[in-house]
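Commentary on secondary and tertiary structure
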Amino acid sequence: MDLVIQNAAIIDGTGKPAYKADIALANGRIKEIHPEGHGNRPTAKRTLDATGLALSPGFIDMHAHSDLALLQDPAHTAKAAQGVTLEVIGQDGLSYAPVTPRTLEEIRTQITGWNGHGEDIEFDWRTVGEYLDRLDRQGTAVNAAYLIPQGTVRAMTTGWEDRRATPAEIERMKQLVAEGLEQGAVGMSSGLTYTPGMYATDAELTELCRVVAAYGGYYCPHHRSYGAGALAAYEEMIALTREAGCALHLAHATMNFGVNKGRAPELLALLDKALAEGADITLDTYPYTPGCTTLAAMLPSWASEGGPEAVLARLRDDATAERIRHVMEVEGADGCHGVPIDWDTVEISGVTEPALGDHVGRTVAETARLRGEEPWTTARRLLVADRLGPTILQHVGHEENVRAIMRHSVHTAGSDGILHGSKPHPRAYGTFPHYLGHYVRELGVLSLEECVAHLTSRPAARLRLPDRGLVREGFRADLVLFDPETVSAGATFEAPRTLPTGIPFVLIDGRFVMEDSRRTDVIAGRTVRRTPVALSRARRARPQATRAALNRARPHLRPRKVAVMQVIQSTKLANVCYEIRGPVLEEAMRLEAAGHRILKLNTGNPAIFGFECPPEILEDMLRNVGDAHGYGDAKGLLSARRAVVQHYETKGIELSVEDVYLGNGVSELIQMSMQALLDDGDEVLVPAPDYPLWTASVSLAGGTAVHYRCDEQADWMPDLADIERKVTDRTKAIVIINPNNPTGAVYDDEMLRGLTEIARRHNLIVCSDEIYDKILYDGVTHTPTAAIAPDLLTLTFNGLSKAYRVAGYRSGWLAVCGPKAHAESYIEGLTILANMRLCANMPAQYAVATALGGRQTIKDLVLPGGRLLEQRDVAYDLLTQIPGVTCVKPKGALYAFPRLDPKVYKIKDDRQMVLDLLRAEKIMVVHGTGFNWPEPDHFRLVTLPNTKDLAEAVTRIGNFLDGYSQP
């Protein structure tokens, strides 16, 4: 281990109560969590005693304006000192990618007040991907995610004119958005009170949001009003994204100006109604009442048309300037959210010209009084002299609104921090400690655990980051250590750049960026890029859906004759994947189409390797085909269910035919069992590594798969202490895969008793996947879990595909064993789902009785001299002869799960490794992270080919690995 943090109070990001534990880190991830009193303490090269400190995930700033600061200031202490380990940039519809040379200069001028002009930066990028590459090449102080700025995209296509975009221009905008998402952006932002984004119609925005939705991103609008039309503006964004099928994140979701005093409950009621109707909405706020923007943003939209030079020309013209004044002071400009401006609330916080520094820290009205002139005269002169550069604080917020909104269940934190200017808003330096110190400790608006969830796991969920936002084993070691009794924002309106107190340690990628409250020289951040979720997952499962998604996202590739409804996949698929038949298989199919022979060692399909269905089983199915037409019993053929009952009776397990459900393979029954069991947020304990269908089925049912670690050093036995640590009040079940796929481990009775005792102690359902129960080597025996714990409700899954070589006919069963009186509702749910499918595949059900009651030919294959045993031995012997490769010898199943020593093989992306192997050697295996193993240091191959082919394959794998590394 690289580091052990001892005696910390763990606030894990879930909102659950803190607990004492030691945390061990290695290779940038959390390797072990040892709660106080559980086993031996971990050891490492370095130990940090965190007594008195809370440890939480790193804070995520959902609304940051560090687009140039990350390039200009490698230390970025303003954010690192707050515990921020990831920030989302590209906000409010205006940023620096994608751009053309002309647009870049216009944008630099437009948002000089946010970021400065960047004179010291070489703007050597044009696309989103190139900008993110530049950040990675230079190195970033904290991690960064990027939103495609809709206003910048509009400037590239329509310019700065206040007009409707043409159909061709909208198509070009959609193309730019799609390209940015493909290059790693996490979504799209808008600034709908800023030019030129504010000129977009709802129809135009909806079209762009459809593209965002197709890639699994989210839309983050600074909407059209936070003042007189605030509620209508919120309703507009909800309706627009509902039409587009796009997730919505409301930027700095405030209710400001006098017209909205005390009206936060109306906004929250609007959100609750939309959420209840199925909308996917989150929001962020900063914990202060004043807002911050540019002085030019207060102008009416018509005065901002045409870009910065056109604005300056209008301000220099006396007649036009007087018209602007009247709109701003009497009517209420849209730039000031429809409210007549009160110059006493507008404080100048920064200028770009040093000679104008005497304006900073004063309101426009105060400076005007000192100069003996009207406030508009002061503001107009300052805008022209500083070329639209001044930033302002606008004191128009309401404390009761701030507190009400931050309590909401979809709330996250965003600093909206503008780092430029001599007197910026203190939120840039103080947002996160201000939440923890003022609103948690001093006011009690939120509990400490609840507040940390707002700052960590909730934004990570919005960003769909699978390994951030929680303190969990396998997650990235982006962590904050703070003192709940002293944490406080040092930044004030008088001294806005003062650093916080009470946050002594911050780690990114397991490395200290703050140590003893001082900024180290570590630059550990990277860009966090979104894989186009919807497209990649559609590609895995539905090629036709992929083409449709590509057509939506890349409209320039196809003619558009008529408007069609956009069909978007369900957000339930966001965390569902099945890497065994994922992008690697697609590449293999492409290579096959090009004429290459691919040895597919990715899936345990006995048929393609010469393991034919036993003739007596095939004959029984054929003999009964005439009786297999029409629907059967929803639970399955009575004779087949009776055969399953008799099979388990020989193992000492009691059940009736009503306890047995036949299915279209075990996979259907696994999905049914989870659908009937889980509500949103429920948790299921699943082994790591796992058979990924379990994790996918839990996610699809709305639950969370919590992976417990199996210990490679202990022959891949489950770590009972780790399981115990991961049980929560939301845990409903534990999954046991025995014999295990992918490791080949077979659990003895002692291990099964340990597992079932945990289930008994916490009242968990046991899900026992026993599909390989007859494929056992070296005299090992298998005991059904239900036989070990007859007092527990145990769901036993098995079928014909592996041990009986009837893969493809889709015949499996689920046996509900143990006491059922307390599970009548759940069992009723299983029956409902069985009824909904009408029945399982009827012809294959006729094979069940024959398979279970006939001669078990599998025994000949696993005993000495048997083909499966010999193939297991060849694979194991040759794999372990490869330098730097180790493998626990499989005791069962059809797979090997070798480990690649990270000291020998520098592999950061194991999927890329298996793709490289496929292209180089035409051998297809599955990467270890595809089985939810947290490190990129394993792969799985099947041991089904004959010994000659297997030996050749492993030899070629060894040749490939010789000298292989990744940059």
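Numbers given to residues run from 1 along each chain, matching the order in which its sequence is written. For this predicted model, a pLDDT threshold of at least 70 governs which residues receive local features, and a threshold of 80 or more governs which side-chain atom pairs are given and counted, while totals over whole chains, interfaces and linings are taken from all residues. The side-chain values count all of the structure's non-hydrogen atoms but skip hydrogen atoms and water molecules.

Attention shifts here to the overall build of the protein. Helices and strands together make up the secondary structure of the protein, namely 35 helices and 35 strands. When we talk radius of gyration, it's over C-alpha atoms, and the globule rule is simply 2.2 Å times the number of residues to the 0.38. Taken over the C-alpha trace, the protein has a radius of gyration of 31 Å; the compact-globule value for 967 residues is 30 Å, and the two agree within 12%. Dimensions of the protein, computed from the C-alpha atoms along their principal axes, are close to 105 × 65 × 60 Å. Exposure classes here rest on a 1.4 Å probe applied to the protein chains alone. A residue is buried below 20% of its type maximum, exposed above 50%, and partly exposed in between. For the protein, buried positions account for 62% of its 967 residues. Labels follow the DSSP assignment, with helices taken as runs of H or I lasting at least four residues and strands as runs of E lasting at least two, numbered in each case from the N terminus.

Below, the discussion takes up the pattern of salt bridges. When a carboxyl oxygen of Asp or Glu lies within 4 Å of a side-chain nitrogen of Lys or Arg, that pair is called a salt bridge. Scanning the entire structure with this criterion turns up 65 salt bridges. For Arg 956, the salt bridge identified is with Glu 921, shortest N-O distance 3.3 Å. Pair noted here: Arg 956 is in helix H35 (residues 947-961) and Glu 921 is in helix H34 (residues 910-921), with a separation of 35 residues, a long-range link. Take Arg 956: its relative accessible area is 22%, and that puts it in the partly exposed class. Three or more residues joined by partner-sharing salt bridges are found here, namely Glu 171, Lys 174, Glu 207, Arg 210 and Glu 243.

Once that is clear, we can look at the sheet that holds strand E9 (residues 187-191). In spatial order, the strands read E6-E7-E8-E9-E10-E11-E12-E16; together these 8 strands make up an open sheet with parallel pairing. Each edge of the sheet is formed by a strand with only one pairing partner; in this case those strands are strand E6 (59-61) and strand E16 (411-413). Neighbour-to-neighbour, the strand axes of this sheet turn through a mean angle of 30°, independent of strand direction. Paired strands, as defined in this entry, are two strands with at least two bridges between them according to DSSP. Where strand E7 (residues 84-89) meets strand E8 (residues 143-149), 4 bridges bridge the pair, whose relative direction is parallel. Within E8, the residue paired with Leu 86 across the bridge is Asn 143. Lying on the sheet, helix H18 (residues 448-455) is in contact with E6 and E16; it crosses E16 at an angle near 75°. For helices, the axis comes from a line fit to the C-alpha atoms of the stretch in contact; other axes are also lines fit to C-alpha atoms, and the angle between any two N-to-C directions lies between 0 and 180 degrees. Contacts between residues were defined by any pair of non-hydrogen atoms, one from each residue, lying within 4.5 Å.

With that settled, consider the packing of aromatic side chains. Any pair of Phe, Tyr and Trp rings, taking the six-membered ring for Trp, is counted once the centres come within 6.5 Å. Such a pair is stacked with planes under 30 degrees apart, edge-to-face with planes over 60 apart, and tilted for the rest. Within this structure, the stated rule accounts for 17 aromatic pairs. Aromatic side chains Trp 125 and Tyr 131 sit 5.2 Å apart centroid to centroid with 55° between the ring planes, which places their arrangement in the tilted category. For Trp 125, a relative accessible area of 1% translates into the label buried. Tyr 131 gets classed as buried once you look at its relative accessible area, which sits at 0%. A ring pair is formed by Tyr 226 and Tyr 234, whose centres lie 6.4 Å apart and whose planes are at 85°; its orientation type is edge-to-face. The exposure class assigned to Tyr 226 is buried, which follows from its relative accessible area of 4%. Remark: a charge is flagged as sitting over a ring if the NZ atom of Lys or the CZ atom of Arg is within 6 Å of the ring centre and within 35 degrees of the ring normal. Positioned above the aromatic ring of Trp 302, the side-chain terminus of Arg 323 is 3.8 Å from the ring centre. Here the guanidinium or amino end of Arg 427 rests over the ring plane of Tyr 286, the centre of that ring lying 4.2 Å away.

Our focus in this paragraph is the confidence of the model for the protein. The predictor rates its confidence in each residue with pLDDT, a number between 0 and 100. Overall, the prediction assigns the protein a mean pLDDT of 89, with 95% of residues at 70 or greater. For residues 532-565, every residue scores under 50 in pLDDT, and the model assigns this stretch 64 contacts once sequence neighbours within four places are set aside.

We now examine the pairing of strand E23 (residues 683-688). Across the 6 residues that make up E23, a large majority, 6, are buried. Burial along E23 is two-sided: Glu 683, Leu 685 and Pro 687 and Val 684, Val 686 and Ala 688, pointing in opposite directions, are all buried. With 6 bridges connecting them, E23 and strand E24 (residues 704-711) associate as parallel partners. Bridging across to E24, Val 686 finds its partner in His 707. Classification remark: right-handed applies to a crossover when, strands pointing away from the viewer, the course from the first strand over the helix to the second runs clockwise. You can see the chain leave E23, run along helix H26 (residues 692-700) and come back into E24, and the turn it takes is right-handed.

Patch rule: a residue counts if its relative accessible area is over 30% and it has no salt bridge; like charges are joined within 9 Å, and nonpolar side chains (Val, Leu, Ile, Met, Phe, Trp, Tyr) within 5 Å. We get accessible surface area from the Shrake-Rupley algorithm with a probe of 1.4 Å; when it comes to residues, only the shown protein chains can shield them. Together, Leu 618, Leu 622, Val 625 and Tyr 809 line one region of the surface with nonpolar side chains, adding up to about 330 Å² of accessible area. Here Tyr 809 lies in the loop between strand E28 (794-799) and strand E29 (812-817).

Where helix H25 (residues 665-677) meets helix H30 (residues 824-836), the closest approach of the two axes is 9 Å, and the angle between their N-to-C directions is 130°. Considered as vectors, H25 and H30 are oriented oblique to each other. Where H25 crosses over H30, the two elements pack in a sense that is right-handed. Note on element contacts: H30 touches H25 through Tyr 826, Gly 829, Leu 830, Leu 833 and Ala 834, opposite Met 672, Ser 673, Gln 675, Ala 676 and Leu 677. Taken together, the residues of the contact of H25 with H30 break down into 7 nonpolar, 3 polar and no charged. Here the angle decides the label: under 35 degrees means roughly parallel, over 145 means roughly antiparallel, 65 to 115 means roughly perpendicular, and every other value means oblique. Left-handed is the label given to a crossing in which the near helix is rotated counterclockwise from the far helix by less than a right angle, and right-handed is the label when the rotation is clockwise. Residues are grouped as follows: Ala, Val, Leu, Ile, Met, Phe, Trp, Tyr, Cys and Pro are nonpolar; Asp, Glu, Lys and Arg are charged; every other residue, Gly included, is polar.

Here strand E15 (residues 391-394) shows no split at all, with Thr 391 and Leu 393 on one side and Ile 392 and Gln 394 on the other all buried. Pairing of strand E13 (residues 291-294) with E15, which is carried by 4 bridges, proceeds in the antiparallel orientation. When the sheet's bridge partners are listed, Cys 292 is paired in E15 with Leu 393. In this sheet, E15 lies alongside strand E14 (residues 346-350) in antiparallel orientation, the contact comprising 4 bridges. Across the sheet, residue Val 346 finds its bridge partner in E15, namely Gln 394.

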